[in-house]
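Reading the structure
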Amino acid sequence: MNQENINPDPEDTKLGTLLRASRVGPALPPRFQEGVWRRIEEAEEPIQSTDSIAWLDKLAALVLHPRFALTTATVLIVAGALLGVREGSQMVKQDAQARYLAAVAPHSLH
Amino acid sequence: MNRSLVILLGALVLGATLLGGSYAVSRHVCERCMAKSVSDLDWLQQEFHLSDAEMARIQKLHEGYLPKCAEMCAKIAAKKTELEAALNGSTNVNAVAQQKLAELAALRAQCQAQMLQHFTEVSQTMPPEPGRRYLAEMQRLTLGLHEQTEASMSGSMDHEHHQP
């Protein structure tokens, strides 16, 4: 890099300022304001997803907590076992009833 | 986000596996344990909470009824064979087939009456409340099937009558 680029000539700076001032800015496109607001709204959306990330992180941390994990696993196993015993005994009862019915009333089944 | 989501999905899958696994295992174990000593009359003892003395009386009635039931079944089976022979090769319901149908219906009615008589005797062996419940349940189970069929048939007949 040479010295001229680091310290530009003051005359050049003045000329540049004059040129910028003389330049006429283009007219705003139609519905410019509406477009700006839409962009602002779109820009706010990632903030919401950041909130959901925090929520997921908190939930994941809770799930990984040993006490919570152990309690949940115990509740699920006990609930499954109770449901299984209930369903199993119901099935056995139905089978026994069908067996009795088949013995005493075989023609009623056909 | 991905890591948390994976953890949560993994936890969900693990939870579902635990619930499903414990359900399947306990159901299987329950069925195997409870089905070990099931005889024809076990249902009566379990459902109606009968004493050993009551069960002994019912067992006697049951053993007395079974040969009669088997005899009736054999008669019905023989009559059905006769009916099939009468209908075999025939293009309409001839007089012989009609006679066999009537005999078969009479045998079925006799079988049903004998069965209901047995249910009544068994219910009288039980204490009053379980006896009533047993009789109602057996009538529902044995006669209800025919009633359902007849009700559905008459329902479809009514439907047909309403058609223009």
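Just so you know, the residues in each chain are numbered from 1, in the order the chain's sequence is written. Chain A is the first chain written and ligand 1 is the first ligand written, with later ones labelled in order. Owing to the predicted nature of the model, reporting of local features is limited to residues with pLDDT of at least 70; listing and counting of side-chain atom pairs is limited to 80 or more, with chain, interface and lining totals taken over all residues.

**Observations concerning the overall build of chain B**
Operational definition: Strands are runs of DSSP state E lasting at least 2 residues, helices are runs of H or I lasting at least 4, and numbering of each runs from the N terminus. With C-beta atoms placed from the backbone, a residue counts as buried when 20 or more other C-beta atoms lie within 10 Å of its own, as exposed when 12 or fewer do, and as partly exposed for counts between those limits.
If you tally the helices and strands in chain B, you get 5 helices and 0 strands. In chain B, the succession of helices and strands from N to C terminus is α-α-α-α-α. Out of the 164 residues in chain B, the part that is buried amounts to 16%.

**Remarks on the confidence of the model for chain A**
Just so we agree on the cut-off: On a range of 0 to 100, pLDDT expresses the predictor's confidence in each residue.
Mean pLDDT for chain A: 81, with 82% of residues reaching 70 or above. Across chain A, the secondary-structure element scoring lowest on mean pLDDT is helix α1 (residues 3-6) of chain A, at 51, and the one scoring highest is helix α4 (residues 66-104) of chain A, at 92.

**A closer look at the interface of chain B and chain A**
For clarity, the threshold we go by: Two residues qualify as a contact pair if the distance between their C-beta atoms, derived from the backbone, is within 7 Å. The residue classification treats Ala, Val, Leu, Ile, Met, Phe, Trp, Tyr, Cys and Pro as nonpolar and Asp, Glu, Lys and Arg as charged. All others, Gly included, are polar.
Across the contact, 39 residues belong to chain B and 35 residues belong to chain A. Looking at the side of chain B that touches chain A, the elements with two or more residues in it are α1 (2-34), α2 (42-48), α3 (52-87), α4 (95-125) and α5 (128-162) of chain B. Among the elements that make up the side of chain B that touches chain A, the one with the highest residue count is α1(B) (19 residues). A per-class count over the side of chain B that touches chain A returns 25 nonpolar, 9 polar and 5 charged.

**Topic: the packing of α4(A) against α1(B)**
Rules: The axes are straight lines fitted to the C-alpha atoms, using for helices just the contacting stretch, and the angles between their N-to-C directions are given from 0 to 180°. Left-handed is the label given to a crossing in which the near helix is rotated counterclockwise from the far helix by less than a right angle, and right-handed is the label when the rotation is clockwise.
Where α4(A) meets α1(B), the closest approach of the two axes is 7 Å, and the angle between their N-to-C directions is 35 degrees. Viewed along their axes, α4(A) and α1(B) form a crossing whose handedness is right-handed. Class assignment for the residues of the contact of α4(A) with α1(B) results in 16 nonpolar, 10 polar and 3 charged.

**With respect to the environment of Glu31(B)**
Assignment of secondary structure puts Glu31(B) in helix α1. By the C-beta count within 10 Å, which is 19 here, Glu31(B) ends up partly exposed. Contacts of Glu31(B), omitting those with residues within four sequence positions, involve Gly88(A), Met91(A) and Val92(A).

**Some remarks on α4(A)**
The α-helix winds at 3.6 residues per turn, so residues separated by three or four positions along the chain end up facing the same way. Condition: A helix is expected to reach a length of 1.5 Å times the quantity of its residues less one.
In a regular helix each residue adds 1.5 Å, so 39 residues correspond to 57 Å; α4(A) covers 57 Å between its end C-alpha atoms and thus fits that length. Within the sequence span of α4(A), burial applies to Leu76(A), Gly80(A), Gly84(A), Gly88(A), Val92(A), Ala96(A), Tyr100(A) and Val104(A). Buried residues belonging to α4(A) abut α1, α2, α3 and α4 of chain B.

**Section: the environment of Arg27(B)**
Following the sequence through the fold, Arg27(B) ends up in helix α1. For Arg27(B), the contacting residues outside a window of four places in its chain are Gly84(A), Glu87(A) and Gly88(A).

**Here's the deal with the confidence of the model for chain B**
Residue and element names in this part refer to chain B. Per-residue confidence for chain B averages 85 on the pLDDT scale, and 85% of its residues sit at or above 70. Scored below 50 in pLDDT, residues 159-164 makes 0 contacts in the model with residues more than four places away or belonging to other chains. Across the whole predicted complex the pTM is 0.61, and at the interface the ipTM reaches 0.72.

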